[in-house]
Amino acid sequence: MPRVLILCTHNSARSQMAEALTRDAARRLGVDLEVHSAGTEATRIKDDAKTVMAELGIDLSIHISKTLWDVPDAQNFDYVVTVCDSAAEACPVYPGKTNRRHYPFTDPSGGSLDRWRTVRDQLKVQFDAFVQALNDGQDAPPTYEDSPAVTVV
């Protein structure tokens, strides 16, 4: 089963939403993926992230913020995806078999719920395309701009 790690700075919003959306897309497509998220620092899951994900029927209430070292087998992932520039810069080196992707998204922190929804919806497009590509036996899109809009049913 492919292993996916999604990294951000605090593991409090974007990476948490991306983890949940990736799991949801994999479930809808019947794709076996092991998905984790982590941050370069651990804090707490932001309430606005929980709110906008609940609007999609996805519950983040049991999620916790964690660092890379809290993730099982932290050096053994098929894909490591960074969703913010600072995490991309701080991301550790991974073995040659690991595919790295950088999909930067605006930090919605401090913004309105509409801003949070916009980032959530962009993450959904990206990670639906990511899972769809893996399901189709293709490599994951290298950038956000290269991701086709797909609807995973």
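Residues numbered from 1 in each chain as written. Predicted model: local features only at pLDDT ≥ 70, side-chain atom pairs only at ≥ 80, totals over all residues. Heavy atoms only, no water.

Regarding unusual backbone geometry
Notably, Asn11 is not glycine yet its phi reads approximately 50 degrees, a positive angle. Position of Asn11 among the secondary structure elements: in the loop between β1 (3–8) and α1 (14–29). For Asp73, which is not glycine, the phi dihedral falls at a positive 50 degrees. Within the secondary structure layout, Asp73 lies in the loop between α2 (47–54) and β3 (79–82). Asp73 sits in the partly exposed class, given a relative accessible area of 46%. (Helix = DSSP H or I, 4+ residues; strand = E, 2+ residues; numbered from the N terminus. Buried < 20%, exposed > 50% of the residue type's maximum accessible area, 1.4 Å probe, protein only.)

So, the sheet that holds strand β2 (residues 34–39)
With respect to topology, four strands assemble into an open sheet ordered β2-β1-β3-β4, the strand pairing being parallel. Lying at the two open borders of the sheet, with one neighbouring strand each, are β2 and β4 (99–102). If you compare each strand with its neighbour and ignore which way they point, the axes differ by 20 degrees on average. Pairing of β1 with β2, which is carried by six bridges, proceeds in the parallel orientation. By the bridge assignment for β2, Cys8 is matched with Gly39. Relative to β2, α1 is tilted by about 175 degrees, and along the sheet it contacts β1 and β2. (Pairing = 2+ DSSP bridges. Axes fitted to C-alpha atoms, helices over the stretch in contact; angles between N-to-C directions. Contact = heavy atoms within 4.5 Å.)

Looking at the confidence of the model for the protein chain
Predicted coordinates in areas of low pLDDT are best not read in detail. When pLDDT is averaged along the protein chain, the result is 88; 86% of the residues meet or exceed 70. At the level of individual helices and strands, the protein chain shows its lowest average pLDDT in helix α3 (residues 85–90), which scores 60, and its highest in α2, which scores 98. (pLDDT = per-residue confidence, 0-100.)

As for the state of the cysteines
All chains considered together, the criterion is met by zero disulfides. Not part of a disulfide, Cys8 finds its nearest cysteine sulfur in Cys84, a span of 3.5 Å. (Disulfide = S-S within 2.5 Å.)

Digging into the packing of α1 against helix α4 (residues 113–135)
Look at α1 against α4: their axes get within 8 Å of each other, and the N-to-C directions meet at 45 degrees. Relative to α4, the element α1 is oriented oblique. At the point where α1 passes α4, the crossing takes the right-handed sense. Facing α1, whose interface residues are Arg14, Met17, Ala18, Leu21, Thr22, Ala25, Ala26, Arg28 and Leu29, α4 presents Trp116, Val119, Arg120, Leu123, Lys124, Phe127, Asp128, Val131, Gln132 and Asn135. Counted by class, the contact of α1 with α4 contains 11 nonpolar, three polar and five charged residues. (Parallel < 35°, antiparallel > 145°, perpendicular 65-115°, else oblique. Left-handed = near helix turned anticlockwise from the far one by under 90°. Nonpolar A, V, L, I, M, F, W, Y, C, P; charged D, E, K, R; others polar.)

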